[in-house]
Each structure stands twice: as structure tokens, then as C-alpha cells.
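Listed here are the chains, written in short residue letters.
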Amino acid sequence: MIPTLGNFALALALAIAVAQSVIGIAGPMLRDRLILRTAPALAISQFVMLGLYFLALVWAGVVSDFTVRNVAEYSSSTTPLLYRITGTWGNHDGSILLWCLILSLCGATVGAFGNSIPTSLRSRVLGVLGLISAGFMAFVIAVSNPFARIWPPPLHGAGVNPILQDPGLAVHPPILYTGYVGFSIAFAFAVAALIEGRVDAAWGRWVRPWALVSWLFLTCGICFGSLWSYYTLGWGGYWFWDPVENVALLPWLTGTALIHSAIVVEKREALKTWSVLLAIATFSLSLCGTFLVRSGLLNSVHAFSASPAQGLFILVLLALTIGGSLLLFAFRAPALAASGVFAPVSREGALILNNIFLCIIAAVVFTGTMYPPFLDLLFNRQISVGAPFYDQTVLPLTAPLILAMAVGPMMSWKRAVLLPALTKLWFGAVVALIVFGAFILRGHFVAALGLAGAVWVMIGALIDLAERVRLFRVPLRQSFARLFTIPRAAIGASLGHLGFGIAVLGIAGMSLQVHTIRVLNPGQSIDLGGYNWKLISIAPAKGANYAAREATIEVTRNGHFVEMMHPETRFFTNQKVKTVAAAISTNGVRNLFATFAGDNDSGGGEFRFNIHPLAPEIWLGGLIMALGGAISLTDRRFRVGAPVRNRLRRPSGSATV
């Protein structure tokens, strides 16, 4: 009964999405206010219907309705409740449904909270979102319906993939997808602006908060995914340049460029064409990621298997969405002439430099990700592009980006002089040079470069805030009072740069890690990085749906107790899969990391021990970046809406354009 109602809700949502797209895009031409108000109501209704459909699938998983193929293949009666719920989106069909749900949420959000947007523009934005949503719902109904039924049903079900049975995976996909799909709003604004033939300062202010929300979620999603990889996969690494990891990084890079570019549109009505193209490119990269993860082109622990029909359907959607938007851009972009001017040496110029490096890095990562599968597809030649390629290409491009990040906020708008801006950063330069020299003398060139760059960016962000409150130039009480008068967007930007610097600090610190792989018997110990690791015992343990072998390791330093660590190997009887569960001890500036590969015949086992300097700062920096974005969103300019130019008074009953 519930699956049948769910399918009915999906069919109704598809019909609503089609109506939303037609009314939203064509409605402004009719100049009827009542028709234009229909699009927001349809967007909200679509979200309600898809929400009911999604809840029906979750309910089927919770009650273990194995007549539903999705539940039978990706859940079981012995799976803990949390993972029966998260198993809803831990597979191809369910993840596409989650994508559709978040896409409808984007439309409903614009419909409910977009009152400050001109009626015709909001209508067309909702129309574009409805069109994309209709395409994906058609995909779900045609070739990827998670409510497909099977009979007779299995007794227990296959169960959730063991590596996905983790609390981090309960939140990682929804947050990451919100980041991916959220850029559809910026995309819809870009297409709607091309249809209307107008991009101005108000457009920049409308786009920026929507893009910032998406960037915030994508940052958190990447951060949580990196942390999950670190403690779940057992390799002791936070980023492996896995193709699917790269797919998440690409829209983050262009989305970061879009946020900065939209500032220039708002301030100077410049970079209009470039900002529209970035909005199209960012969502297009999100769509490309959706296709690549589900087409079988990429071989990854993160990828979903999919049938040829599913891959082909997504490819057609991809071609229509990206191709149609780029074709519209080719015809309409010449009308978006820039009206603002500024000197190359200015804050606008620094933002352009920021855009250039971000987009070049994105192009390099895209090339490294796509070259192997296309070489295999076209010429049947298999190669792998790994960390050495990205280290040699991305790192040199990141260095000037980091250099410009601290200088840009010190420069004035429209026209600036470089020397005074550099003079304000003298303290950061001195500290960065000291750090660089200290680690160069130890023979760690990459770490020296990364740590010096991190210190440069972090001190630059703090100096920016200090300059705004006139620290040490007025009484401390006045500086503290001035802190509450600074625009929150400026505080958020400084926090974002500070968080980026902290993340770079952690990444550079991880390059100094030490590790070893040893076989130990109970009572034996090894020394690594100034710590003594002693195996106390190995004993059986039992989880909710797995059996485990748990090792107890005592860690001491100079004879003083530090930590008792308990790494495990786990065996999931239902799937007959063995996994490792790392033990991690942190003090905030370094991590001790231990994994247990399994028993040997002598009563001991094989262990991997790592010491990761500054590892916690990787994820702390990411969260601080997201916090900066959240604080920026509370800026008054975003709450009161964008300025709207005066229009000629129209007859009563006509639409506002």
C-alpha cells in the first residue's frame, strides 16, 4: 500500500514539475500577475509530493518491506535502524531520489523566500528548476524507480554495504548533495538572466547568498567525506585524489570563483558574462559528477554501479541541460555588456586573479580525472593518474593563489596601490619566512612551502580584521565596539580565509607523518615518533550485526601513559565482508592512528601505526570556512534584499518585470 502511494506521489510531482516549468518560463510573457504567482505554489507542492515519496521509501526500509527491490538489495532485518534509514540513499536509485528531493527543496525555498526577487525573474528561475526536476523525475520513473517490486520477497535482505554502516555516512551524502544540487539555483538565475537579457548589481546580490549556501554545504560535505575516508578506509589518509573525490572538488573550485565573481558584479556591474558562465559551469560540473559516478566510467569505492540504460538517460539529461544553457549563453551573452570599470591593481583585480587560479586548478583536476576513462573508451588504453600528477600540477598553482588571498583584502575597491597593501602584511611575511626557513633546514621543502603559505593566509586574515577595527590605533574598548559595526559578510570572508589557512596548515603537517607496519605478539612493542606502542591483548568482540577481533594497545611517551587504543577487524556475516576500524587518539594538534589487519597463527597480528602532525586542523579549517559562509549569510544586505531599479508605472493588473 505505502509503495503504491509513493509511486502516485512521484507521478503527481512529475506533473507538477512540468506545469511549473511551462508556467514559470512562459508565464512572464503573458504579463498576468496571477499566473506568475502560480509558479511558487507549484514549486512548494512539488517538494511536498517528493517528500511524501521519499518518506514512503524510508518507511519501507524501516519496516523491512522486502517486496520493494531497493530494500531487499540494500537492507536487511538484522541491519541497525539507523542504517536501514541511511540505506535509502546509499545506493544508485535512492541517491537519485535524494537528488530529486533536494532539487525540489531548492525550488520550494526560492518560492517561499524569494519575495524580494522581481516576479518575472523568480518565475523564470522556478521554471528552469522545474524543467531540471522534471527531467530527473522522468529518469526515476523510467529506469531508476526505487519502488520496483520483486516477488517472492527474500527472507532477510542483502544488507547495507559494511563500509557505509557508519554515523558519518548518515549525514555526509545529504549534506554533499545539498551542495551539489544547491548550485542549481545559481544556474537557474543565470539562465533566467540570459532569457531576460539583463544582469546587474541586483542580480549579483540575489545570486551570491544562494551560491554561498550551496558552497557552505558542499564544503561541509567534502569535509565530512574526507574525515570518513580517514577513519574508515584504514589507510590513514584524508584525500587520495580518487576520481569521485575530484568530482566533488570541481564544483567547489568553480563555486568559490562564482561567489567572488558575484561580488564584482554587485560592486561594479562588471564580470557579468563571466559570472553567468561560472554559474552554468558549476552546476554543469555537479551534473557531470552525477553521470560519472553512476555511468561506470569511474572505478572508485564511492561509485555506484548502473545499467547502460541508466547511464545513457543521465547522459541525455546532461547534454540537454548543459548544451541548452551554453547555446542560450552563446546567443545572449553579447547583450550582457559590463558597465563598471576599475584599475587592474584593485580589490576587483585581486578577485579576478583569484578566479583565474581557481579555474585553472579546476581545469587541471578535470583533465586528470577525465583523461584515463576517455583514453580507455576511445583507444582501449588503460592508464592511471594518481597523486604525483596532482602534486606536480596543482601545488604550483595553489602557491600564487595563497599569495594573492592575503593581499586582496588589503586593497581598496576600484583603484589601489600595491605597496601600502604589502606593508600592512609585513608581520605575516616575517613569520612565514621564519617558518619556511626552519623547515627547509630540516629538508622538508613541500611542508615548508605549505606551512609558510598557511601562516601567511592566516595572519593576513587576522590583519584584515585588525585593520577594520583599528586595533592598537584606538583604545581597545573602541576596537571591540567597532567589531560589531563591521558588515558580517566581511567578518565571514575573513573567517573563510582563516579557515582555508588552517586547512592548508593541516595538509602541510600531514606531509610530515611517520608510519610503520609491524607484526606484534601480545607483550611486544615498537617505538615510533617518540611514542612506544605496546600490544596488550587481542580478544573477540561483538557488534550489532558483525563479529570483531579487538586489539588493546598501550601508548606511552618517555614512560608516561598517553592512551589506550582499541583498533578492530570486523566480519559482517550477512555480506561475508571483512573491514577494519581504526583507533584514533588526538590532542588537537596531532593524531595517533592505529589499525589492526587481523590475527596470525602465533596469537598476534599485523598493525599499522601512524603519527599525523596537525591532522585535526584539516577538518577544523573546513568547518571554520563553512562557519565564515554562515556568518556572511546573516549580513543585513542579504536579509533586506537587493536594490531594484525604478520602473515605469504599469497599468493595474500587469506583472512586475
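One structure accompanies this document, and this report is about it.

The rules behind the values
- Residues numbered from 1 in each chain as written.
- Predicted model: local features only at pLDDT ≥ 70, side-chain atom pairs only at ≥ 80, totals over all residues.
- Heavy atoms only, no water.
- Axes fitted to C-alpha atoms, helices over the stretch in contact; angles between N-to-C directions.
- Helix = DSSP H or I, 4+ residues; strand = E, 2+ residues; numbered from the N terminus.
- Parallel < 35°, antiparallel > 145°, perpendicular 65-115°, else oblique.
- Left-handed = near helix turned anticlockwise from the far one by under 90°.
- Contact = heavy atoms within 4.5 Å.
- Nonpolar A, V, L, I, M, F, W, Y, C, P; charged D, E, K, R; others polar.
- Patch = residues over 30% accessible without salt bridge, like charges linked within 9 Å, V, L, I, M, F, W, Y side chains within 5 Å.
- Areas by Shrake-Rupley, 256 points an atom, 1.4 Å probe, with all protein chains shown as cover.
- Salt bridge = Lys/Arg side-chain N within 4 Å of Asp/Glu carboxyl O.
- Buried < 20%, exposed > 50% of the residue type's maximum accessible area, 1.4 Å probe, protein only.
- Core = buried A, V, L, I, M, F, W, Y, C linked by side-chain atoms within 4.5 Å.
- Pairing = 2+ DSSP bridges.
- Expected span 1.5 Å × (residues − 1).
- Polar contact = N/O pair within 3.5 Å; in protein donor to acceptor, adjacent residues only side chain to side chain.
- Phe/Tyr/Trp six-rings, centres within 6.5 Å; stacked < 30°, edge-to-face > 60°.
- Lys NZ or Arg CZ within 6 Å of the ring centre and 35° of its normal.

Closest axis-to-axis distance for the helix 9 (residues 201-232)/helix 20 (residues 616-633) pair is 9 Å, and the angle between their directions is 165°. In terms of orientation, helix 9 lies roughly antiparallel with respect to helix 20. In this structure, helix 9 meets helix 20 at a crossing whose hand is left-handed. Touching Pro-209, Leu-212, Val-213, Trp-215, Leu-216, Thr-219, Cys-220, Cys-223, Ser-226, Leu-227 and Tyr-230 of helix 9 are Trp-619, Gly-622, Leu-623, Met-625, Ala-626, Gly-629, Ala-630, Ser-632 and Leu-633, all from helix 20. In the contact of helix 9 with helix 20, the residues fall into 15 nonpolar, five polar and no charged.

Before going further, it helps to spend a moment on a nonpolar patch on the surface. A cluster of nonpolar side chains, namely Met-1, Ile-2, Leu-5, Trp-59 and Val-63, defines an oily patch on the protein surface of about 520 Å² accessible area. According to the relative accessible area criterion, Trp-59 is partly exposed, its value standing at 47%.

So, about the pattern of salt bridges. Applying the stated criterion across every chain, the model contains twelve salt bridges. For Glu-348, the salt bridge goes to Arg-268, with nearest N and O atoms at 3.0 Å. Residue Glu-348 is located in helix 13 (residues 347-379), and its partner Arg-268 is located in helix 10 (residues 243-268); the two are separated by 80 residues in the primary sequence. For Arg-473, the salt bridge identified is with Glu-467, shortest N-O distance 3.1 Å. Looking at Glu-467, the relative accessible area reads 29%, which means it is partly exposed. One salt-bridge network, in which partners are shared between bridges, spans Arg-124, Glu-196, Arg-198 and Asp-200.

This paragraph deals with the packing of helix 6 (residues 92-113) against helix 8 (residues 167-196). Any two packed helices are characterised by the angle at which their axes cross and by the distance between the axes. Helix 8 packs onto helix 6 with a crossing angle of 50° between their chain directions and a minimal axis gap of 9 Å. In this view, helix 6 runs oblique relative to helix 8, as classed from their interaxial angle. Helix 6 and helix 8 meet at a crossing whose hand is right-handed. Of helix 8, the residues touching helix 6 (which contributes Ser-95, Leu-98, Trp-99, Ile-102, Leu-103, Cys-106 and Val-110) are Pro-173, Pro-174, Tyr-177, Thr-178, Tyr-180, Val-181, Gly-182, Ser-184 and Ile-185. Taken together, the residues of the contact of helix 6 with helix 8 sort by class into twelve nonpolar, four polar and no charged.

Summarising the element assignment, Thr-569 is placed in strand 6 (residues 568-572). Exposure remark for Thr-569: the relative accessible area of 6% places this residue in the buried category. Residues contacting Thr-569, with those up to four places away along its chain left out, are Ala-547, Ala-548, Arg-549, Lys-578, Thr-579, Val-580, Phe-596, Ala-597 and Gly-598.

Next up on the list: the nonpolar core. The nonpolar side chains of a soluble globular protein tend to be buried with one another. Formed by 142 residues in total, the largest nonpolar core has its most connected members in Tyr-180, Phe-189, Trp-203 and Val-276. With 15 residues, helix 8 is the single largest residue contributor to this core. In contact with Val-276, other than residues within four places in its own chain, are Ala-190, Leu-194, Val-199, Trp-203, Phe-329 and Leu-336. The next biggest cluster of nonpolar side chains, apart from the first, holds 18 residues, and it includes Leu-528, Ala-551, Val-555 and Phe-596.

Moving on: the side chain of Asn-354. Relative to the elements of secondary structure, Asn-354 occurs in helix 13. On the basis of relative accessibility, which here comes to 11%, the residue Asn-354 falls in the buried class. If we ignore the near neighbours within four places in the chain, the residues touching Asn-354 are Ala-257, His-260 and Leu-401.

For strand 2 (residues 525-528) and strand 3 (residues 531-542), the ladder comprises four bridges, and the chain directions are antiparallel. Looking across to strand 3, one finds that Ser-525 is bridged to Lys-534. Count of turn residues in the strand 2/strand 3 antiparallel hairpin: two residues, of which Gly-529 carries a positive phi of about 60°. In the sheet, strand 3 pairs with strand 4 (residues 547-557) via ten bridges, with the strands oriented antiparallel. Bridge pairing links Leu-535 to Ile-553 in strand 4.

Quick look at the environment of Leu-277 now. Of note, Leu-277 is situated in helix 11 (residues 272-295). Along the primary structure Leu-277 and Asp-242 are separated by 35 residues, whereas in three dimensions their C-alpha atoms are 27 Å apart. Look past the residues within four positions of Leu-277 in its chain and what remains in contact with it is Leu-326 and Phe-329.

With that settled, consider helix 9. It helps to recall that an α-helix has 3.6 residues per turn; residues three or four apart then point in one direction. Spanning 32 residues, helix 9 covers 46 Å between terminal C-alpha atoms, matching the ideal 46 Å at 1.5 Å per step. Counting buried residues along helix 9, 27 of its 32 residues qualify, which places the element largely inside the surrounding structure. Taking the backbone nitrogen of Ala-202 as reference, a side-chain oxygen 3.2 Å away marks Asp-200 as the first, capping residue of helix 9. Just beyond helix 9, the residue with positive phi is Gly-234, at close to 80°.

Before going further, it helps to examine unusual backbone geometry. Here Trp-151 and Pro-152 are connected by a cis peptide whose omega angle stands at 0°. Here the phi dihedral of Ser-64 falls at roughly 55°; this positive angle occurs in a residue that is not glycine. With respect to the helices and strands, the residue Ser-64 is situated in the loop between helix 3 (38-62) and helix 4 (69-74). One non-glycine residue, Arg-470, lies in positive phi territory at about 55°.

For the rest of this paragraph, the subject is the packing of aromatic side chains. All told, the structure shown has 21 aromatic pairs when counted by the stated rule. Ring centres of Trp-239 and Trp-241 lie 6.1 Å apart, and the angle between their planes is 90°; on these two criteria the pair is classed as edge-to-face. Following the ring pairs from residue to residue traces out a cluster consisting of Trp-99, Phe-136, Tyr-177 and Tyr-180. Above the plane of the ring of Phe-439 lies Arg-442, whose end atom (NZ or CZ) is 5.3 Å from the centre.

It is worth spelling out the sheet that holds strand 8 (residues 583-586) at this point. Ordered in space as 1-10-9-8, the four strands form an open sheet in which the pairing is antiparallel. At either margin of the open sheet sits one strand with a lone partner, and together these are strand 1 (514-520) and strand 8. This sheet shows a mean twist of 15° between the axes of neighbouring strands, independent of strand direction. As paired strands, strand 8 and strand 9 (residues 590-599) are joined by four bridges and run antiparallel to one another. Across the sheet, the residue bridging to Ala-583 is Ala-594, located in strand 9. Each of strand 8, strand 9 and strand 10 (605-613) touches helix 9; the most contacted strand, strand 9, lies at about 50° to it.

If you check helix 19 (residues 488-510), its first and last C-alpha atoms are 33 Å apart, about what 23 residues at 1.5 Å a residue would give, namely 33 Å. The buried fraction of helix 19 is high, at 20 of 23 residues.

Turning our eyes to something else, we now look at the environment of Ile-624. The residue Ile-624 is located in helix 20 in this model. For Ile-624 and Phe-500, which are 124 residues apart along the polypeptide, the C-alpha to C-alpha distance reads 8.0 Å. Other than its neighbours up to four places away in sequence, Ile-624 contacts Leu-495, Gly-499 and Ile-502.

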